[in-house]
Amino acid sequence: MTTALGSGLLPTSDADPFGHEVLENPLPLHAELRDAGPIVYLTKYDVYALARYEQVRAALVDWQGFQSAAGVGLSNFRTEKPWRTPSLLLEADPPLHDAPRRVLARILGPRALRTLRDRWMADAERLVDRLLSGTNEFDAVADLAEVFPLRVFPDAVGIPKEGRQHLLPYGDHLFNAFGPANDLVEKGAAGAGELLAWAQQQCARPLLTEDGFGAAIWAAADRGEITSEQAPLVVRSLLSAGVDTTVHALSAILYALATNPAQWQRLREHPALARVAFDEAVRWESPVQTFFRTATDDIRIGGHTVPGGRKILMFLAAANRDPRRWTDPDAFDLSRDPSGHVGFGMGIHQCVGQHVARLEAEALLTALVRRVHSVELTGPVRRHHNNTLRAWGSIPVRVRTR
Ligand code: 8QM
């Protein structure tokens, strides 16, 4: 690490943010990169990195200077063929980005979700009742965090029941593919074509139920708000962004609460804190750890110039624990105001599905705190390594219900 204090030299790091050691525990690297300076050059990938809140936030909101259309992974779509047709939301800039965004923002907005609320609350109650009637020891990932989103979200989109087992593997590969072509991408490469083909097949109008998000996207195409060529790609965005992210966010919140019993008690006493708990968990864990942008033209960051066309890696997770922005950033604390975190991004690309995710978390937490007095880990937890996601393999827990 070159710190180059006062010399004007660009700090550099030889670290591999996508190596297994960092994926197991990224916090030391995040601190190192934040402390190195407002911008750091990563020698291993020949890219620039931002790890401080101020610079990450500034890059996220400056969509003109930091474009998305060249891809938000390491690969540059200008010089390398993308593995899938680029997303009209994530991997597009205005003006192409805007109509699909408007359509989804309405379909996934708080008003539209009101009809789902009672159903999801009841679904969560049933799931938790069934689980706890059989046992008080279970895996918070496999038995809860995976089950609930996979039960409610694909139904809400309106895709067929068959084939849903492909959703998590498709997402796992998608989020790996934003990183370098390392062993994680390698292990998914053989199955990626079939998973992508499956996901794209689910987006065809005749397969979708009449009352789901998918049908609402096609209805927007009927009204001319997006084209009928765009509609299936917008449906694909739901299947791409809406499953693994919520599974690992719910896992994170369950882990946070299992390891912070005082916060569980606080939530039990004030169930209305469920939404704060969710956002604090998204800040604390940052299920989406990183995304890239591409410098549209030469751009000044922290006294250095990034040449146009170069990739910039934004560490959302590091920004979300930057002590320059947050008091006691490593504490999971329901008394703080987590708003302003960049776990959902910021600016025109900020997560359009966040109200859906928040509703899932609210439903599951509300059902849990109604029955569970306390929760504790019963054995070693296991991470699931992914190039983009801070993911969980296993969180064994025991709960007390009386
Ligand atoms: C990440 O395909 C897409 O539109 C898409 C895929 C992944 C995400 C967002 C959008 C941020 C959750």
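The model shown is predicted, which means the values in this text are computed figures rather than measured ones.

### Some remarks on the packing of helix 8 (residues 167–176) against helix 11 (residues 231–241)
Relative orientation and spacing of two packed helices are given, respectively, by the angle between their axes and the distance between those axes.
Then step 1. Across the interface, helix 8 lies against helix 11 with an axial gap of 8 Å and an inter-helix angle of 90 degrees. What the angle tells us is that helix 8 and helix 11 run roughly perpendicular. Of the residues in helix 11, those touching helix 8 at Leu167, Tyr170, Leu174 and Phe175 are Arg236, Leu239 and Ser240.
Then step 2. Residues of the contact of helix 8 with helix 11, tallied by class, amount to five nonpolar, one polar and one charged.

### Side note on the site of the ligand
Then step 1. Close to the ligand lie Arg84, Ser87, Leu90, Leu174, Phe175, Ser237, Ser240, Ala241, Thr245 and Phe291, which account for all nearby residues.
Then step 2. Between Ser237 and the ligand, the recorded distance is 2.5 Å, taken from a side-chain N or O atom to an oxygen atom.
Then step 3. For the ligand, whose free accessible area comes to 320 Å², the fraction covered by protein is 87%.
Then step 4. Grouping the amino acids of the shell around the ligand by side-chain chemistry returns five nonpolar, four polar and one charged.

### Section: the sheet that holds strand 2 (residues 40–42)
Sheet strands pair via backbone hydrogen bonds, and the direction of the pair is either parallel or antiparallel.
Then step 1. If you walk across this open sheet you meet the six strands as 1-2-3-9-6-4, and the pairing is mixed. Each edge of the sheet is formed by a strand with only one pairing partner; in this case those strands are strand 1 (12–13) and strand 4 (66–67).
Then step 2. Direction of pairing for strand 4 relative to strand 6 (residues 290–295): antiparallel, over a ladder of two bridges. If you follow Phe66 over to strand 6, its bridge partner there is Ala295.
Then step 3. Contacts from helix 2 (residues 27–36) reach strand 1, strand 2 and strand 9 (311–315) within the one sheet, and its direction differs from that of strand 2 by about 130 degrees.
Then step 4. The sheet strands contacting helix 3 (residues 53–61) are strand 3 (47–50), strand 4, strand 6 and strand 9, and the helix crosses strand 9 at an angle near 125 degrees.

### Some words on the nonpolar core
Then step 1. Within the largest apolar cluster, 115 residues are counted, with the highest numbers of intra-cluster contacts made by Trp120, Phe213, Ile217 and Leu267.
Then step 2. Setting aside its immediate chain neighbours within four residues, Ile217 contacts Leu104, Ile107, Ile226, Ala231, Val234, Val235 and Leu238.
Then step 3. Val22, Leu33, Tyr45 and Val47 belong to the second-largest nonpolar core, a separate cluster that totals 16 residues.

### Some thoughts on the pairing of strand 6
Then step 1. Of all six residues that make up strand 6, six are buried, and the element is covered over most of its length.
Then step 2. Inspection of the sheet shows strand 6 paired to strand 9 by five bridges, in the antiparallel sense. Residue pairing in the sheet places Arg293 in a bridge with Ile312 of strand 9.

### Digging into the packing of aromatic side chains
What describes a pair of aromatic rings is the distance from one ring centre to the other and the angle between the planes of the rings.
Then step 1. A full pass over the atoms with the stated rule returns twelve aromatic pairs.
Then step 2. Note on Phe178 and Phe291: the rings are 5.2 Å apart at their centroids and 80 degrees apart in plane angle, and the pair reads as edge-to-face. Here Phe178, found in the loop between helix 8 and helix 9 (183–201), pairs with Phe291, found in strand 6; they are 113 residues apart in sequence, far enough to count as distant.
Then step 3. Three or more aromatic residues joined by ring pairs form one cluster here, namely Tyr255, Trp284, Phe332 and Trp392.
Then step 4. Across from the ring centre of Trp326, 5.3 Å away, lies the NZ or CZ of Arg283, which sits over that ring.
Then step 5. Seen from the ring of Trp326, Arg325 lies directly overhead, with NZ or CZ sitting 3.9 Å from the centre.

Calculation notes
- Residues numbered from 1 in each chain as written.
- Predicted model: local features only at pLDDT ≥ 70, side-chain atom pairs only at ≥ 80, totals over all residues.
- Heavy atoms only, no water.
- Axes fitted to C-alpha atoms, helices over the stretch in contact; angles between N-to-C directions.
- Helix = DSSP H or I, 4+ residues; strand = E, 2+ residues; numbered from the N terminus.
- Parallel < 35°, antiparallel > 145°, perpendicular 65-115°, else oblique.
- Contact = heavy atoms within 4.5 Å.
- Nonpolar A, V, L, I, M, F, W, Y, C, P; charged D, E, K, R; others polar.
- Near = heavy atom within 4 Å.
- Polar contact = N/O pair within 3.5 Å; in protein donor to acceptor, adjacent residues only side chain to side chain.
- Areas by Shrake-Rupley, 256 points an atom, 1.4 Å probe, with all protein chains shown as cover.
- Pairing = 2+ DSSP bridges.
- Core = buried A, V, L, I, M, F, W, Y, C linked by side-chain atoms within 4.5 Å.
- Buried < 20%, exposed > 50% of the residue type's maximum accessible area, 1.4 Å probe, protein only.
- Phe/Tyr/Trp six-rings, centres within 6.5 Å; stacked < 30°, edge-to-face > 60°.
- Lys NZ or Arg CZ within 6 Å of the ring centre and 35° of its normal.

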